[in-house]
Amino acid sequence: MARAMNPATHPSSALPLLRARRVVVKVGSSLLVDAEQGVPNSAWLETLAEDLAALRVRGQEVLLVSSGAIALGRRHLGLSSARLKLEEKQAAAAVGQIRLAHAWKDALELHRLSVAQILLTFGDTEERRRYLNARNTLSTLLRLGAIPVINENDTVATAEIRYGDNDRLAARVAQMMSADCLVLLSDVDGLYSADPRRDPAARFIPDVHSISLDIERMAGGTTSAVGSGGMATKIAAAKIAIPAGCHMAVALGREQHV
Ligand code: GLU
C-alpha cells in the first residue's frame, strides 16, 4: 500500500513538499546502485517507487533525475580502476543507462506509472531553442501522466560542456519546469558546518535561507565514494533552485520509504 504523508505528523520543514504541485526528486548513484554487486538496489527502489506513487495519488506531479548509469555500466564492462577516463565513463554510461531505465521501469510500473527516459546535455538546458523544446517534451509527458526519468546524456557530453553532476542538472530541471520543490536524495542527511565524516565537531544546519559565503565554505570539497556530487554541488544546485522560487531539501535517502 502506498503511504501518504500526513501534515500533522511531519515537521514544518516538510510543508513545502506537502504543498508542492510539482516535485523534482534527484536520486544519487550511491543510493541506487549496490556498491558491492554493481546492480540496482531493487528492494530500495521499490519502496521509493511506492512513495512516489503516493505523491501522485495526492495529485502531485513528479519528475525524477536519476544518476547511476556509469556506476551500473562500469561493473558490467569490467572497468575496475578508481578513476575512469572520459571515454570509459561514456562507454559505461551507454551500457548502464539501459539497466538504469529498466530498473525504474520495473519499479514504477508496479504502480501502473508510465516511465519516460529523457537524456539531456548542458546545451539542452542552456540554449534557448533547445531549452524550450526540452521543456515542451517534459510538460507533455507530465500532462500525459508519465514520470520523466532524466539523466545527463553522458555518452555525448564532453568534459568541457557537461554538468558532470546531477545535482545541478536537477536544479536546472526544477527551474525549467517551475517545480515548487527539489529533493536531493543522498548519502548525507543535510548540510553540516564541516564534513561530519572527518570532523566530529561538525554541526548540523537544519535550514538555510540564503546561500552566503559562509555556507559555501562549509560545503567545500565533500565527496561521496560512488557518486560525483558531494555537498559543493548541492550548494551550487541551491543557487539555481532557490532564486527560481523552488524549495530545496537535501535528504538522507538510504532508509526504505524515504
Ligand atoms: N550522469 C551520471 C550517471 O548516471 C551521474 C552523475 C552524478 O553522479 O551526479 O552515472
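The rules behind the values
- Residues numbered from 1 in each chain as written.
- Predicted model: local features only at pLDDT ≥ 70, side-chain atom pairs only at ≥ 80, totals over all residues.
- Heavy atoms only, no water.
- Pairing = 2+ DSSP bridges.
- Helix = DSSP H or I, 4+ residues; strand = E, 2+ residues; numbered from the N terminus.
- Axes fitted to C-alpha atoms, helices over the stretch in contact; angles between N-to-C directions.
- Contact = heavy atoms within 4.5 Å.
- Core = buried A, V, L, I, M, F, W, Y, C linked by side-chain atoms within 4.5 Å.
- Buried < 20%, exposed > 50% of the residue type's maximum accessible area, 1.4 Å probe, protein only.
- Polar contact = N/O pair within 3.5 Å; in protein donor to acceptor, adjacent residues only side chain to side chain.
- Disulfide = S-S within 2.5 Å.
- Expected span 1.5 Å × (residues − 1).

Colleague: Explanation requested: the sheet that holds strand E6 (residues 146–152) in the structure shown.
Modeller: Hydrogen bonding along the main chain pairs the strands of a sheet, whether they run parallel or antiparallel. Across the sheet, which stays open at both edges, the six strands sit in the order E5-E6-E4-E1-E7-E10 with parallel pairing between neighbours. Since the sheet does not close on itself, it has two edges, and those belong to strand E5 (114–120) and strand E10 (247–252), each with one partner. Strand after strand, the sheet turns through a mean of 20 degrees between neighbouring axes, direction not considered. Contacts from helix H10 (residues 231–241) reach strand E7 (181–186) and E10, with the element oriented near 160 degrees to E10.

Colleague: How do you make sense of the nonpolar core when you look at a structure like this?
Modeller: Side chains of nonpolar character tend, in soluble globular proteins, to be buried together. One finds Val24, Leu63, Ile150, Val173 and Leu182 to be the most contacted residues of the largest nonpolar core, which totals 35 residues. Mapped by element, the contributors of at least two residues to this core are strand E4 (61–66), E5, helix H7 (128–143), E6, helix H8 (166–176), E7, helix H9 (213–219) and H10. With six residues, H8 is the single largest residue contributor to this core. Ile150 has contacts with Leu63, Leu64, Val65, Ser66, Ile118, Leu120, Leu138, Leu169 and Val173, leaving out every residue within four places of it along the chain. One finds Val23, Leu100, Leu108 and Leu113 within the second-largest nonpolar core, a separate group that totals 34 residues.

Colleague: Help me out: how do you make sense of the environment of Thr47 in this one?
Modeller: Mapped onto the fold, Thr47 is located in helix H3 (residues 42–57). With a relative accessible area of 8%, Thr47 lands in the buried category. Each C-alpha atom, one on Thr47 and one on Leu108, is 10.0 Å from the other, the two residues being 61 residues apart in sequence. Of note is the side chain of Thr47, whose polar atom sits 3.1 Å from the backbone nitrogen of His257.

Colleague: Looking at this model, I keep getting lost on unusual backbone geometry. Mind explaining?
Modeller: Generally, phi is negative for residues other than glycine and the peptide bonds are trans, each holding for most cases. Backbone geometry at Ser178 places phi at a positive 50 degrees, although glycine is not the residue there. Among the secondary structure elements, Ser178 is positioned in the loop between H8 and E7. Judged by relative accessible area, which is 47%, Ser178 ranks as partly exposed.

Colleague: I keep staring at the state of the cysteines and nothing clicks. Help me out?
Modeller: Working definition: the covalent bond between the sulfur atoms of two cysteines is a disulfide. The final tally for this structure, using the stated rule, is zero disulfides. A disulfide-free cysteine, Cys181 has its sulfur positioned 6.2 Å from the sulfur of Cys246, the nearest such atom. What makes Cys246 buried here is its relative accessible area of 4%.

Colleague: Can you walk me through H7 in this structure?
Modeller: An α-helical segment advances 3.6 residues per turn. Residues three or four places apart therefore align on the same side. Between the first and last C-alpha of H7 there are 22 Å, a value that for 16 residues agrees with the 22 Å anticipated at 1.5 Å per step. Looking at the packing, one finds that the buried side of H7 touches strand E1 (22–27), E4, E5, helix H6 (122–126), E6 and H8.

Colleague: Got a minute to help me understand the environment of Gln117 in this structure?
Modeller: Tracing the sequence through the fold places Gln117 in strand E5. On the basis of relative accessibility, which here comes to 43%, the residue Gln117 falls in the partly exposed class. Between the C-alpha atoms of Gln117 and Gly78, which are 39 residues apart in sequence, the distance is 25 Å. Here Gln97 takes part through its side chain, which lies 3.0 Å from a polar atom of the side chain of Gln117.

Colleague: I tried to follow the pairing of E1 on my own but got confused; where do I start?
Modeller: For E1, the buried fraction is high: six of the six residues fall into the buried class. Neither face of E1 is open: one carries Arg22, Val24 and Lys26, the other Val23, Val25 and Val27, and all of them are buried. Of the strand pairs in this sheet, E1 and E7 are connected by five bridges, and their pairing is parallel. Along E7, the bridge assignment pairs Lys26 with Leu184.

By themselves, these figures tell us nothing about what the structure is for.
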